[in-house]
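# Fold and contact review
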Amino acid sequence: MSTVYIYGASIDENGKARGGKAGNQTGRELRKQAWYKHKKGWRVFRAKNPDVAAKIVQDAKWAISNMKIGYDQGQRLTLYNAAKPHGFNCKLVDKACETDCSALVRVCCAYAGITLPNFRTPTEPAALLNSGAFEEMTGAAYTDRPDYLMAGDILCTRTQGHTVIVGNNGSKAGQTPPEGLSRRDYGTAVRAMQEALLKWDSKCLPKCGADGDFGSETEKALKAFQKASGLPVTGVYDDATRAKLTGAQPVEKKHVEVTGGTVNVRSAPGTSGKKLGVVKKGDRLPFQGESRDVSGTPWHLIEYRGTNAWISGKFSKVVS
């Protein structure tokens, strides 16, 4: 297993948060270190554009190699000001200056073309997400282990504390975590799943589409796919579901065509169901894949005005 490294600003030459001399006096005020699980817990933010991620990590590498850049919370914005004339390229900073962990992340984002307001770790997640350039990667596979991290990911503690930039890909970067994806997860892996669902059924995510957010609509679509594929209907995107979905053929959408004159649509199969409305001969309604026999007459499940409803097979037929 390859080691995942992180880049960040940590402490001044005196082991304090402020008061030291400008510049990296020890070579460890800004530094590279192996990934570790923070006691406050990490949140993980990933640039939507891979080119942005690459520039963020490049600038972070330049920063830790430039001994003109040190750590001091009291002078945390002096790096930003020194780097600005150079397009925020930390390699070109030639004036002794200081930063702290969150101010360094801001500078690296600026080099990548992402302009962010001044922030500290408690407000950093909102600043990143509000920019529209980042998405949060959720689940223990991202927050508690380094394997699925990618170079340029930004880690920030759940409460006030620390933030760093991931320097290289983990051994499983870009793969779906083995425990699968489930509701309330979001990120690039969720978007890839949604795009695969849309290839299977182009109308399965009518409201949100492939937005990277595993909400109720995505869960419903995933369960529909699992049911259609003979899989356990869990609503969890596990390895078995992924294997089926990535090889799935587009679903053949069927409709129920009205063959009678004016036909009642009901809330339940049979004439005892509440009347919801009427349809006319020639109307075609989305077939929901289920028919039931009531007293010798088939009733078809359809979509009617955005909800499930039933229509008698005496006056309708299922068509492609």
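No experiment lies behind these values; they were computed from the predicted model shown. (Residues numbered from 1 in each chain as written. Predicted model: local features only at pLDDT ≥ 70, side-chain atom pairs only at ≥ 80, totals over all residues. Heavy atoms only, no water.)

## Some details on the packing of helix 7 (residues 216–228) against helix 8 (residues 239–246)
Let me state the cut-off plainly: A fitted line through C-alpha atoms serves as each axis, taken over the contacting stretch for helices, and the angle formed by two N-to-C directions is quoted from 0 to 180°. Only DSSP runs of H or I reaching four residues or more are called helices, and only runs of E reaching two or more are called strands; each is numbered from the N terminus. In what follows, roughly perpendicular refers to angles from 65 to 115 degrees, roughly parallel to angles under 35, roughly antiparallel to angles over 145, and oblique to any angle outside these ranges. It only takes one pair of heavy atoms within 4.5 Å for two residues to be counted as in contact. Think of it as three bins: nonpolar holds Ala, Val, Leu, Ile, Met, Phe, Trp, Tyr, Cys and Pro, charged holds Asp, Glu, Lys and Arg, and polar takes everything else, Gly as well.
As a packed pair, helix 7 and helix 8 sit with axes 11 Å apart at the nearest point and diverge in direction by 80°. With respect to their mutual orientation, helix 7 and helix 8 come out roughly perpendicular. Along the contact surface, helix 7 presents Leu222, Phe225 and Gln226, while helix 8 presents Thr241, Lys244 and Leu245. Of the residues in the contact of helix 7 with helix 8, the class split is three nonpolar, two polar and one charged.

## A word on the environment of Ala53
Tracing the backbone through its elements, the reader meets Ala53 in helix 1 (residues 50–65). Sequence separation between Ala53 and Val278 is 225 residues; the distance between their C-alpha atoms is 55 Å.

## Examining the side chain of Thr218
To keep things clear, this is the line we draw: Think of it in three bands: with a 1.4 Å probe and only protein chains considered, a residue is buried below 20% of the maximum accessible area for its type, exposed above 50%, and partly exposed in between.
Relative to the helices and strands, Thr218 is located in helix 7. Residue Thr218 is classed as buried on the basis of its relative accessible area, which comes to 3%. Not counting residues within four places of it along the chain, the set of residues in contact with Thr218 comprises Met193, Gln194, Leu197, Leu205 and Asp213.

## Some remarks on the sheet that holds strand 1 (residues 5–9)
As a reminder of what qualifies: Two strands pair if DSSP finds at least two bridges between them.
In space, the six strands of this open sheet follow the order 2-1-8-7-3-6, with antiparallel pairing throughout. For this open sheet the edge positions go to strand 2 (30–34) and strand 6 (134–137), each flanked by a neighbour on one side alone. Across the sheet, the mean angle separating the axes of adjacent strands is 30° when strand polarity is ignored. Across three bridges, the pairing between strand 7 (residues 154–157) and strand 8 (residues 163–166) is antiparallel. Within the sheet, the bridge partner assigned to Ile154 lies in strand 8 and is Ile165. Lying over the sheet, helix 1 contacts strand 1, strand 2, strand 3 (42–47), strand 6, strand 7 and strand 8, oriented at roughly 60° with respect to strand 1. Running over the sheet, helix 3 (residues 101–111) touches strand 1, strand 2, strand 6, strand 7 and strand 8 and is turned about 40° from strand 8.

## With respect to the pairing of strand 1
Extensive coverage of strand 1 is indicated by the burial of four of its five residues. Here strand 1 pairs with strand 2 via five bridges, running antiparallel. Paired with Tyr7 across the two strands is Lys32, which belongs to strand 2. Bridge count for strand 1 against strand 8 is two bridges, and the pairing is antiparallel. Residue Ile6 lies in a different strand from strand 8, and its bridge partner there is Val166.

## Focus: the packing of aromatic side chains
We count it as follows: Aromatic rings from Phe, Tyr and Trp, with only the six-membered ring used for Trp, were paired whenever their centres fell within 6.5 Å, and each pair was classed as stacked if the ring planes differed by under 30 degrees, edge-to-face if by over 60, and tilted otherwise. Here, over-ring charges are defined by two tests on the NZ atom of lysine or the CZ atom of arginine: distance to the ring centre within 6 Å, and angle to the ring normal within 35 degrees.
Counted according to the given criterion, the structure contains five aromatic pairs. Where Trp62 meets Tyr111, the ring centres are 5.5 Å apart and the plane angle is 75°; that geometry is what we call edge-to-face. Of this pair, Trp62 sits in helix 1 while Tyr111 sits in helix 3, placing them 49 residues apart in sequence. Relative to Tyr148, the ring of Tyr142 has its centre 6.2 Å away and its plane inclined at 65°; by these criteria the two rings are edge-to-face. Note on accessibility: Tyr142 and Tyr148 belong to one class, buried. If you follow Lys32 out to its NZ or CZ, it ends over the ring of Tyr5, 4.3 Å from the centre. The ring of Tyr80 carries Arg106 above its face, with NZ or CZ at 4.0 Å from the centroid.

## Considering helix 3
Counting buried positions along helix 3 yields 10 of 11 residues, so the element is predominantly enclosed. For helix 3, the full list of buried residues reads Cys101, Ser102, Ala103, Leu104, Val105, Arg106, Val107, Cys108, Cys109 and Ala110. Of the residues flanking the end of helix 3, it is Gly113, one or two places downstream, whose phi is positive at about 90°.

## Some points on the pattern of salt bridges
When the charged atoms of two side chains lie near each other, side chains of opposite charge can form a pair. Note the threshold: A carboxyl oxygen of Asp or Glu within 4 Å of a side-chain nitrogen of Lys or Arg is what we treat as a salt bridge.
By the definition in use, this model includes nine salt bridges. Between Arg120 and Asp100 there is a salt bridge; the shortest N-O distance is 3.6 Å. Residue Arg120 is located in the loop between helix 3 and helix 4 (124–130), and its partner Asp100 is located in the loop between strand 5 (97–99) and helix 3; the two are separated by 20 residues in the primary sequence. In this structure Arg120 comes out as partly exposed when scored by relative accessible area, which is 41%. Salt bridges sharing partners connect three or more residues here, namely Arg76, Asp100 and Arg120.

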